[in-house]
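Coordinate analysis (summary)
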Amino acid sequence: MGRVPTKQQKNNRSKDGGDGTQEKQKPSLKGAERSAYFARREAAKVLRVVLQGDANRRALASIKSLIYKPSVRNKKATFALICQTLKHLPIIKDVLEASSILNTKWKRQQELVYIIVYDILFGQAVAVAGDAEKYLMRHKNALQSTLKQLLLRRNVKNVEQLIALNQLPDVSLPRYVRVNTLKLDVDSALLELKEKYSVEKDDLLPDLLILPPGTDLHDHPLVNNGSIFMQGKASSMVAPALNPEPGWEVIDACAAPGNKTVHLAALMKRKGRIIACELNKQRIKRLKETIKLSGASNIHVLNEDFLNIDPKAPSYSKVKAILLDPSCSGSGTAASRLDHLLPSKAAGQDTDMERLNKLAAFQRKALQHALSFPAVEKIVYSTCSINQIENEDVIKSVLPIAESHGFELVNPFAEWHCRGLPVFKGSENLVRTDPAADGEGFFIALFAKKKNVQKKKKHFFPRIHTDPFRTWLYYRLNGP
Ligand SMILES: C[S@@+](CC[C@H](N)C(=O)[O-])C[C@H]1O[C@@H](n2cnc3c(N)ncnc32)[C@H](O)[C@@H]1O
């Protein structure tokens, strides 16, 4: 028969160190020591999810979204600790391997070990607090001398030079916020934010404001009440590219988490109807939360595969515009999500061609499907990818079908500097944003029904008319 655990043992079991494994009783700490102890354990938890997602090439959430979860108490310190640990991770791993100090027990808690070793080698002084700290501090000298040897071996003078060898991109780009004009006008938002930050209006998008890099707004009252959305410039360009008229029926084909859906609602000034289609049940919850926060009341959420929606069904006969922002590799937002800090991306080898081909096949199918809605006049296709295969190649392969439906590629932002790759005639109408200059690498293509085709569909005049003048006028206006 197994032994029944004592009360003390039960207590100890619930004292999880935050890294999924049991630590002995938490030490009694005070002040800064105490907050460093907890920040390390919170950081280890997040780091575990991030590294597992990266190893499986299936990230559940970005570093930022994990940090913004309510369970993380000290967001600023935890975020800084994770970023710094990831930045130094290749070095930390090399040092740990060369010094051979980790047995199986500590390998099971490797995320916490990485974080403490970061602090020991590069960060703040580590108080001998928890078991993990105690163990690693006993090996402090070994860790430091292994690091020295590593620098010598790589022929660099200091750690900065070693990190520079990895050529990490600069992510100190401005913070953009989109004013949700359903709740607040742009000037009022500007005034309120100016009380605390230096803020400017964007010169392309009237509802976008620019704040200094690193401005932390995640808990700002205007964010919490849905008056502003933390949305990048490139992402905020997609709904205005479609520019639906108030009163139209519009489909957002791949909608969650809903940033572009609610932007459409704001541009349509509560008039008309938006069908927000989303395949993933779990993401529907997020979509509904975004819609609720935005205050939009004309959005109908549909948990469905966009490819299964019947364009010929009477309920879609009036759909005039479609926003298609399908699943993509996300390669254009990798830097803003801090993906470049992840081990799989550090060497710049995210070239899983099988995955890219699968994504591109879906993107083509979804775009063709959008083109088959009978009353549609405009379709915007967007990705947050920088890969030609998901962008220009998709448009090029669908263009003949689009043209056969009477569509042409048009330029949504004439003044925009960065264009599609010149791989086919008309690619100058495509919009790209540059991850280095604009913070994110987006791609936007706008299809619009050619004017005379639209008129033909409206049937102003019967095609065969008994009045010769009206017949002549009909053909004059609509062509043969
Ligand atoms: C890039 S995200 C959309 C982001 C969204 N437009 C925004 O700005 O918040 C793509 C979404 O499409 C959904 N999706 C993928 N395949 C789909 C399909 N066949 N039908 C509908 N939604 C799909 C994914 O679950 C994901 O939520």
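Refer to the structure above for everything that follows.
These numbers come from a predicted model, not from an experiment.

Conventions we followed
- Residues numbered from 1 in each chain as written.
- Predicted model: local features only at pLDDT ≥ 70, side-chain atom pairs only at ≥ 80, totals over all residues.
- Heavy atoms only, no water.
- Pairing = 2+ DSSP bridges.
- Helix = DSSP H or I, 4+ residues; strand = E, 2+ residues; numbered from the N terminus.
- Expected span 1.5 Å × (residues − 1).
- Buried < 20%, exposed > 50% of the residue type's maximum accessible area, 1.4 Å probe, protein only.
- Contact = heavy atoms within 4.5 Å.
- Salt bridge = Lys/Arg side-chain N within 4 Å of Asp/Glu carboxyl O.

The strands making up a sheet are joined through hydrogen bonds of the backbone, oriented either antiparallel or parallel. Reading across the sheet, the four strands line up as E2-E3-E1-E4 and stay open at both edges, with antiparallel pairing between neighbours. Since the sheet does not close on itself, it has two edges, and those belong to strand E2 (200–201) and strand E4 (228–229), each with one partner.

Next up on the list: helix H18 (residues 392–404). For H18, built from 13 residues, the straight-helix expectation of 18 Å at 1.5 Å per residue is met to within 8% by its first-to-last C-alpha distance of 19 Å. Buried within H18 are the following residues: Glu392, Val394, Ile395, Val398, Leu399 and Ala402. In this fold, the buried residues of H18 make contact with helix H17 (353–371), strand E9 (378–383), strand E10 (407–410), strand E11 (431–432) and strand E12 (443–449).

Okay, the pattern of salt bridges next. Enumeration over the complete set of coordinates arrives at 12 salt bridges. The residue Lys233 makes a salt bridge to Asp202 at a minimum N-O spacing of 2.8 Å. Residue Lys233 is located in helix H12 (residues 233–236), and its partner Asp202 is located in the loop between E2 and strand E3 (208–211); the two are separated by 31 residues in the primary sequence. Comparing Lys233 with Asp202 shows no difference in burial state: the two are buried. A salt bridge links Lys285 to Glu289; its shortest N-O distance comes to 3.6 Å.

As a further point, take the environment of Ser331. Residue position: Ser331 is located in the loop between strand E8 (319–324) and helix H16 (343–346). Taking the C-alpha atoms as reference points, Ser331 and Gly441, 110 residues apart in sequence, are found 7.5 Å from one another. Ignoring sequence-local partners within four residues, the contact set of Ser331 consists of Cys384, Ser385, Ile386 and Asn387.

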